[in-house]
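Survey of secondary and tertiary structure
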Amino acid sequence: MSFQNPVFIPGPTNIPEELRRAADMPTLDHRSALFGEILHPALNGVKQILKSRTAQIFIFPSTGTGGWETAITNTLSPGDRVLAARNGMFSHRWIDMCERHGLKMDVVDTPWGTGLPVARYEEILSADTAHEIKVVLATHNETATGVKSDIAAVRAALDAAAHPALLYVDGVSSIASMDFRMEEWGVDIAVTGSQKGFMLPAGLAILGFSPKAMAVLDSARLPRTFFDVRDMAASYENSLYPFTPAVGLLNGLKHSTQMLLAEGLENVFARHARIAGGVRAAIAAWGMDLCARSPELYSDTVSAVVTPEGFNSLDLVTHALEKYGVAYGIGMGEVAGKVFRIGHLGSMTDVMALSGIATAEMCMADLGLNVPLGSGVAAAQDFYRTRTTDSLREAA
Ligand SMILES: *Cc1c(COP(=O)(O)O)cnc(C)c1O
């Protein structure tokens with residue numbers, strides 16, 4: 001492992017020097033006024049990035065998984081029905097957590113590599129005339145397969161069925177990298193973590209709750225203590241935490257949101273789209289397919305590359321780490337051994353992406369795959385030369 005090389009795992013992502021410094025702070029008294037100067041800008045920054053004027057933001061010392069638990073336990077009761085689709089490892093894990101909390105799951109098993117089954121969601125919601133389904137879960141970007149789903153379409157399905165269920169979205173690998181519109185899409189709880197689009201170390205669960213989600217806190221009967229957002233909301237009013245806050249990470253988040261907003265959210269999304277376009281051009285030049293089955297599903301934050309039959313994709317990931325000190329994502333669950341993943345989110349540039357493409361090519365050649373050196377790099381170079389965005393020119 002070389003710390004000089006960027007990582008190409010889809011989280012944790014590369015940490016810009018500025019954020020490393022922001023997160024590395026001397027101890028300060030988290031009950032002093034100084035803490036409020038970190039907490040409130042971090043909360044406000046997240047709110048802007050979620051594109052919501054009305055959401056209440058909560059930040060726990062935890063990870064995305066703790067964010068899921070916060071969403072579920074604060075708003076649901078044992079035996080409540082929840083609608084979800086399983087189309088990859090992360091949607092699977094969220095479903096598993098709900099089951100362990102005693103929720104009754106309506107699971108739509110969907111082939112890995114496809115998006116959320118919106119038409120099926122609408123049928124199930126329309127059939128639920130008694131409105132027993134309390135929540136619909138949606139994984140915006142399935143990190144295991146590199147599949148982006150259409151959250152606006154999920155909202156439209158709920159509306160078409162005139163169903164009052166709340167909509168919870170896992171945006172851990174999309175928020176702050178790909179367009180996310182909490183308010184416009186009618187998202188009731190958005191969940192993310194610090195270590196992907198926010199370019200920080202792992203350690204924070206970051207959530208937005210809509211007014212509709214806030215309204216059910218007192219009627220929900222699942223037990224919660226550490227993750228009780230009511231305690232958190234009460235403490236925020238006094239610029240405090242109900243326990244010890246992760247001050248350095250919160251300061252990192254304050255600076256991260258400032259960095260993203262200074263670049264401009266639409267520029268951040270355009271940068272990710274451009275970088276992803278070059279990676280996909282390289283994959284096509286290698287003669288390989290993405291796990292995501294059609295272009296509208298292609299993720300701008302992670303590409304899962306299907307390796308040829310008889311080749312164990314884990315060998316490539318191991319080889320890249322051992323020989324070149326470069327990290328790629330392994331295949332998980334159903335696609336273990338069949339795909340390797342190139343993460344291209346967070347602190348990433350065209351030039352960094354080119355190094356990741358070039359290294360993957362060296363590994364494929366080393367391991368006997370029929371991929372001419374330079375083929376993917378040339379395709380990506382061509383792509384990047386002709387798609388410089390204004391944001392990049394301005395930053396230069
Ligand atoms: C990374 C990730 C998670 C899990 O987050 P942790 O921070 O590891 O708990 C959940 N969902 C998606 C889509 C992810 O990419």
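Before reading on, note that the structure itself is shown above.
Residues numbered from 1 in each chain as written. Predicted model: local features only at pLDDT ≥ 70, side-chain atom pairs only at ≥ 80, totals over all residues. Heavy atoms only, no water.

1. What about the site of the ligand?
Operational definition: We define proximity as follows: a residue is near a molecule or strand when any one of its heavy atoms falls within 4 Å of that partner. In the analysis that follows, any N or O atom pair within 3.5 Å is treated as a polar contact, provided that within protein one partner can donate a hydrogen and the other can accept it, and provided that, for residues neighboring in sequence, both atoms belong to side chains. Computed by Shrake-Rupley with a 1.4 Å probe, the accessible areas treat only the displayed protein chains as cover when residues are assessed. Elements are defined by DSSP. Helices are runs of H or I of four residues or more, strands are runs of E of two residues or more, and each kind is numbered from the N terminus. Put simply, Ala, Val, Leu, Ile, Met, Phe, Trp, Tyr, Cys and Pro go in the nonpolar bin, Asp, Glu, Lys and Arg in the charged bin, and everything else, Gly too, in the polar bin.
By nearness alone, every residue bordering the ligand is listed as T63, G64, T65, W68, F90, N141, T143, D170, V172, S173, Q195 and K196. Contact between the ligand and Q195: an oxygen atom at 2.7 Å from a side-chain N or O atom of the residue. In this structure, an oxygen atom belonging to the ligand sits 2.7 Å away from a side-chain N or O atom of K196. Surface burial for the ligand is 88%, taken as the share of its 380 Å² of free accessible area covered by protein chains. Among the elements that make up the shell around the ligand, the one with the highest residue count is helix α3 (residues 64–75) (three residues). Per-class residue counts for the shell around the ligand are three nonpolar, seven polar and two charged.

2. Describing the sheet that holds strand β12 (residues 339–343)
Note the following rule: Strand pairing is defined by DSSP finding a minimum of two bridges between the two strands.
In spatial order, the strands read β10-β11-β12; together these three strands make up an open sheet with antiparallel pairing. Edge positions in the sheet fall to β10 (289–290) and β12, since each of these pairs with one other strand and no more. In this structure, strand β11 (residues 302–306) lies alongside β12, joined through five bridges in antiparallel fashion. Bridging across to β12, V302 finds its partner in G343.

3. Structural notes on the pattern of salt bridges
The criterion, for reference: When a carboxyl oxygen of Asp or Glu is within 4 Å of a side-chain nitrogen of Lys or Arg, the pair counts as a salt bridge. Burial classes follow relative accessibility: with a 1.4 Å probe on protein chains only, a residue under 20% of its type's maximum area counts as buried, one over 50% as exposed, and anything between as partly exposed.
What the rule picks out here adds up to 23 salt bridges. E266 is the partner of K51 in a salt bridge, and the nearest nitrogen-oxygen pair spans 3.0 Å. On the criterion of sequence distance, the pair formed by K51 in the loop between α2 (33–49) and β1 (56–61) and E266 in helix α10 (residues 265–285) is long-range, its members being 215 residues apart. In this structure, D228 and R230 form a salt bridge, with 2.9 Å as the shortest nitrogen-oxygen distance. For D228, a relative accessible area of 7% translates into the label buried.

4. Thoughts on the packing of helix α9 (residues 247–263) against α10
When two helices pack together, you describe them by how their axes are tilted relative to each other and by the distance separating the axes. The cut-off we apply is this: Working convention: axes come from line fits to C-alpha atoms, limited for helices to the stretch in contact. Angles between N-to-C directions cover 0 to 180 degrees. Each angle gets one of four labels, with under 35 degrees taken as roughly parallel, over 145 as roughly antiparallel, 65 to 115 as roughly perpendicular, and the rest as oblique. In what follows, a contact means two residues having at least one pair of non-hydrogen atoms within 4.5 Å.
The interhelical angle for the contact between α9 and α10, taken along N-to-C directions, is 85 degrees, at an axis separation of 5 Å. Classified by the interaxial angle, the pair formed by α9 and α10 is roughly perpendicular. Residues L260, L261 and E263 of α9 touch α10, and the partners they reach there are L265, N267, V268 and R271. By residue class, the composition of the contact of α9 with α10 is four nonpolar, one polar and two charged.

5. Describing the nonpolar core
Generally speaking, soluble globular proteins have nonpolar side chains that are buried together. The following threshold applies: Nonpolar cores were defined as sets of buried Ala, Val, Leu, Ile, Met, Phe, Trp, Tyr and Cys residues, with membership established by side-chain atoms within 4.5 Å.
With 84 residues, the main nonpolar core has I59 and F198 as its most contacted residues. Looking at this core, the element that brings in the most residues is α2, giving seven residues. Excluding residues within four positions of it along the chain, F198 makes contact with L19, V46, I49, I175, A176, T192, G193, I206, L253, S256, T257 and L260.

6. Examining the sheet that holds strand β3 (residues 104–109)
Taking strand neighbours across the sheet as the criterion, the seven strands line up as β1-β9-β8-β7-β4-β2-β3 in an open arrangement whose pairing is mixed. The sheet is open, and its two edges are formed by β1 and β3, each paired on a single side. The sheet shows a mean angle of 20 degrees between the axes of neighbouring strands, direction not considered. Note that β1 and strand β9 (residues 204–209) share six bridges and pair antiparallel. Bridge assignment links F60 to a residue of β9, and that residue is A205. Helix-sheet contacts for helix α6 (residues 151–160) involve β4 (133–139) and β7 (166–170), and the interaxial angle to β7 is about 165 degrees. Against the sheet, helix α8 (residues 229–236) contacts β1 and β9, and its axis sits at roughly 105 degrees relative to β1.

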